Amino acid sequence: MSVQHLLELVDVHRTYQIGESTVQALRGVSVTIEQGEFVAIMGASGSGKSSLMQILGLLDTPDKGDYLLLGQNVNTLSEDELSGLRNNVAGFVFQQFHLLKRMSIVENVRLPHIYSGIKGDFRKEALERLRQVGLAERVDHTPNQLSGGEQQRVAIARALVRDPLIIFADEPTGNLDTKNSAEIMKIFKGLHEEGKTIVMVTHEKEIADYAGRVITMRDGVIISDEQRTGSVPARSAEPLAGFEIHGPAKVSLWQDGRFIGFMAQAFQAILANKMRSFLSVLGIFVGVASVIAMMALGEGAKAAMQEQLKSMGSNMLSIRGGSAKIRGAAQGAGAVARFTAIDVEDIAELTTLVKNATGVVNGSARMVYGNKNWSSSLTGVGYDYGTMRASTPTVGRWFTREEIQKRDKVAIIGVTVVKELFGNTNPIGGTIKINRINFTVIGIAPAKGFSGPQDEDDVVLIPVTTAMYRVLGKDYLSGIFVEVTSPALIEQAKSTISELIRKRHRLQADDDSFNIRDMTEIQKMLSSTTQTMSVLLGSIAAISLVVGGIGIMNIMLVSVTERTREIGLRKAIGARKGDIMLQFLVESVGLTISGGLIGIIAGIGVSFMLAIFAGWAVKTSVVSVVVATVFSALIGIFFGLWPARKAAELKPLEALRYE
Ligand code: ADP
Ligand code: MG
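Residues numbered from 1 in each chain as written. Chains lettered and ligands numbered in written order. Predicted model: local features only at pLDDT ≥ 70, side-chain atom pairs only at ≥ 80, totals over all residues. Heavy atoms only, no water.

## What about the overall build of the protein chain?
The helix and strand tally for the protein chain stands at 21 helices and 22 strands. Relative to the compact-globule value of 26 Å for 659 residues, the protein chain shows a C-alpha radius of gyration of 42 Å, a clear excess of over 25%. For the protein chain, the C-alpha atoms occupy an extent of roughly 130 × 55 × 45 Å along the three principal directions. Of all 659 residues assigned to the protein chain, the portion counted as buried reaches 50%. Accessible surface for the protein chain amounts to roughly 30,700 Å². Of this, 56% is attributable to carbon and sulfur atoms. (Helix = DSSP H or I, 4+ residues; strand = E, 2+ residues; numbered from the N terminus. Rg over C-alpha atoms; globule rule 2.2 N^0.38 Å. Buried < 20%, exposed > 50% of the residue type's maximum accessible area, 1.4 Å probe, protein only. Areas by Shrake-Rupley, 256 points an atom, 1.4 Å probe, with all protein chains shown as cover.)

Structure (structure tokens):
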């Protein structure tokens, strides 16, 4: 191999295709540039200057012909390797400055470092470069607060911060007045004198005069290439011998500084559009709030239920007439076994298995006390019911066996009934009418609270005999409660009792005119009810989360479009596909997680409101908070993926040109 040049183009062509028509911007350009040169590319508008420089600067690739950078053909490099080279070999200065408006000057200058894969925050380097271009005083201003000339100086500082081999400048003074142009050119001249290689496009002769070599183009070819006298001579490429062109191609996205940098930028982007960000996370907010409230309700109902089941005892059986089907399917006439006090006695005699048995009868009670009316559920109970079902009053007393035997008109009322009929006065000893019959109140049933939406304290207990024969006019019990001697004997008790009942009522073995449930079955039945509720609330949550996710996707797509030029700039200074992708993903996840967090707070708030104002049992759990957070993050990833990919796929050049 002969002498190694810094840059070498061999018969390079570049053709643009716009719909049907093609534009041949470069038609066979061959040129070499050495280290330390200051080259100006001149020519009329449309002559192909920018096209040439974009290829030299690795923003674009030739359709035909070769480009050798330090002897290495760039056609063989991967997209990420090209990004790496744009980061540490080339520094760009554009006519339009391309500064990121949201960031301060110093942040703009150190931006290329995020993509370098090197640890550190590089504020010091950025400040040093800003001093070099004479902006040491303005570091915390934003680009909008600077004049055009100052903005271009910031852009130069940014191009320098990675200490690139070559500075590429496309019409760097094109948007500046004469005075500012001169300032900028003075900076370039100084850089050149320090040994930087500079390739600059311009159409102004006075600007080209700063360069040591002027290449003139016309219609996509070089028509002249002249060396000026008195310029700093180019040096050979030896100092570059150790330069590793493949650079740090493998850079972990998670290396410190990088990820934090993305996070900070995502936050800036979100805060830059507060209202829009807020509106876009409304769906997530509602979804997460309902997940939290739903789980709180579900957990609350479950806890209340378990509490109640515990108070009922785990070795309790409930025997009812009719099939075991919940809200049974149609059954044949006479399919309901009719239990009487004799059944209860017979069951109670199975003393090895049965500790207690008591019959109950259910109905409703219309009560009157003074001028107050109230309706509750009425339960006729036997003597043992009080201990079996934890209903023995703490205020007042339980029924006596005598009262139950003699069908006495005595009642024990729940606290809700007390409140409705008696208000703050003492009910014990008071007389109330139940279904037009006078009863004496002898006790207040212990408060049990809500089981789901059902008020367990809105009850009236009276002796089962009184209920059957005086109040409800029923000859049969509604059911029998049995307390088994030990939980281990539940199954045995069930089959023995079942057999006994079949014998007594002369029922076939497959007759389902009665059923015996233990608490696990009752628990199952109750939880199936709360499950239905959970599924309902869950689907509301799921729908709003999906809608919210689509909202996020929409806003991210808008954001990608809005920031196309920013993406182009980031790619031009060395961002890899993965970097851009991660940046937008971090942003969408940031959005959904913030929405999620507000949702969690709102959800907990709603749960508390339901507990306080509606009296529902709720229980917020850490699990639900974790689930909601994870869910909102997943939604951010899922719905952010497409916009992020779209951003990552953008070609740097097209993105930079986007209006
Ligand atoms: P210069 O920088 O010298 O003004 P360019 O290199 O920008 O010229 O453009 C050369 C020719 O290629 C022009 O005719 C221009 O219209 C065309 N051209 C440049 N970029 C594109 C593009 N992205 N798509 C289509 N045509 C383009
Ligand atoms: Mg141009």
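## So, the pattern of salt bridges
Within this structure, the stated rule accounts for 25 salt bridges. Counted as one network, the salt bridges with shared partners bring together Arg102, Arg563, Glu566, Arg570 and Glu587. (Salt bridge = Lys/Arg side-chain N within 4 Å of Asp/Glu carboxyl O.)

## What about the packing of aromatic side chains?
Between two aromatic rings, the relevant description is the distance of the centres plus the angle of the planes. Evaluated as defined, the whole model comprises 8 aromatic pairs. When the centroid spacing of 6.1 Å and the interplanar angle of 70° are considered together, the rings of tyrosine 385 and phenylalanine 481 count as edge-to-face. With tyrosine 385 in helix α12 (residues 385–388) and phenylalanine 481 in strand β21 (residues 479–484), this pair connects stretches of sequence that are 96 residues apart. Each member of the pair, tyrosine 385 as well as phenylalanine 481, carries the same accessibility label: buried. Feature note: the residues Tyr385, Trp398, Phe399 and Phe481 constitute an aromatic cluster, connected by ring pairs. The residue whose ring lies beneath arginine 389 is phenylalanine 481, and the NZ or CZ to ring-centre distance is 4.2 Å. (Phe/Tyr/Trp six-rings, centres within 6.5 Å; stacked < 30°, edge-to-face > 60°. Lys NZ or Arg CZ within 6 Å of the ring centre and 35° of its normal.)

## Focus on the site of ligand 1
Not every one of the 13 residues close to ligand 1 is listed here, only the nearest: Gly46, Lys49, Ser50, Ser51 and Arg657. One nitrogen or oxygen atom from the main chain of serine 47 is found 3.2 Å from an oxygen atom belonging to ligand 1. One of the side-chain nitrogen or oxygen atoms of serine 51 is found 2.6 Å away from an oxygen atom of ligand 1. Broken down by secondary-structure element, the contributors of at least two residues to the shell around ligand 1 are β1 (7–18), β2 (21–33) and α1 (49–56). The element contributing the most residues to the shell around ligand 1 is α1, with 3 residues. Considering only residue class, the shell around ligand 1 consists of 5 nonpolar, 6 polar and 2 charged. (Near = heavy atom within 4 Å. Polar contact = N/O pair within 3.5 Å; in protein donor to acceptor, adjacent residues only side chain to side chain. Nonpolar A, V, L, I, M, F, W, Y, C, P; charged D, E, K, R; others polar.)

## Remarks on the packing of helix α3 (residues 105–114) against helix α5 (residues 148–160)
For the pair α3 and α5, interaxial distance at closest approach is 7 Å and the crossing angle is 30°. Handedness of the crossing formed by α3 with α5: right-handed. Counted together, Ile105, Asn108, Val109 and Pro112 of α3 and Val154, Ala157 and Arg158 of α5 form the full contact between these two elements. A class-by-class count of the residues in the contact of α3 with α5 yields 5 nonpolar, 1 polar and 1 charged. (Axes fitted to C-alpha atoms, helices over the stretch in contact; angles between N-to-C directions. Left-handed = near helix turned anticlockwise from the far one by under 90°. Contact = heavy atoms within 4.5 Å.)

## Some points on the packing of α3 against helix α4 (residues 123–132)
Closest axis-to-axis distance for the α3/α4 pair is 9 Å, and the angle between their directions is 110°. With respect to their mutual orientation, α3 and α4 come out roughly perpendicular. For α3 against α4, the interelement crossing comes out right-handed. On the side of α3, the interface is formed by Ile105, Val106, Val109 and Arg110, while α4 contributes Arg123, Ala126, Leu127, Arg129 and Leu130. Each residue belonging to the contact of α3 with α4 can be placed in one class, and the counts come to 6 nonpolar, no polar and 3 charged. (Parallel < 35°, antiparallel > 145°, perpendicular 65-115°, else oblique.)

## As for the environment of serine 83
Locating serine 83 in the fold gives a position in helix α2 (residues 79–88). The spatial distance from the C-alpha of serine 83 to the C-alpha of leucine 58 is 8.4 Å, given a sequence separation of 25 residues. Not counting residues within four places of it along the chain, the set of residues in contact with serine 83 comprises Gly574, Ala575 and Arg576.

## Side note on the environment of methionine 581
Assignment of secondary structure puts methionine 581 in helix α19 (residues 577–614). Judged by its relative accessible area of 21%, methionine 581 is partly exposed. Residues methionine 581 and leucine 641 lie 60 residues apart in sequence; the distance between their C-alpha atoms is 7.9 Å. Sequence-distant contacts of methionine 581, defined by excluding residues within four places in its chain, comprise Leu641, Ala644, Arg645 and Ala648.

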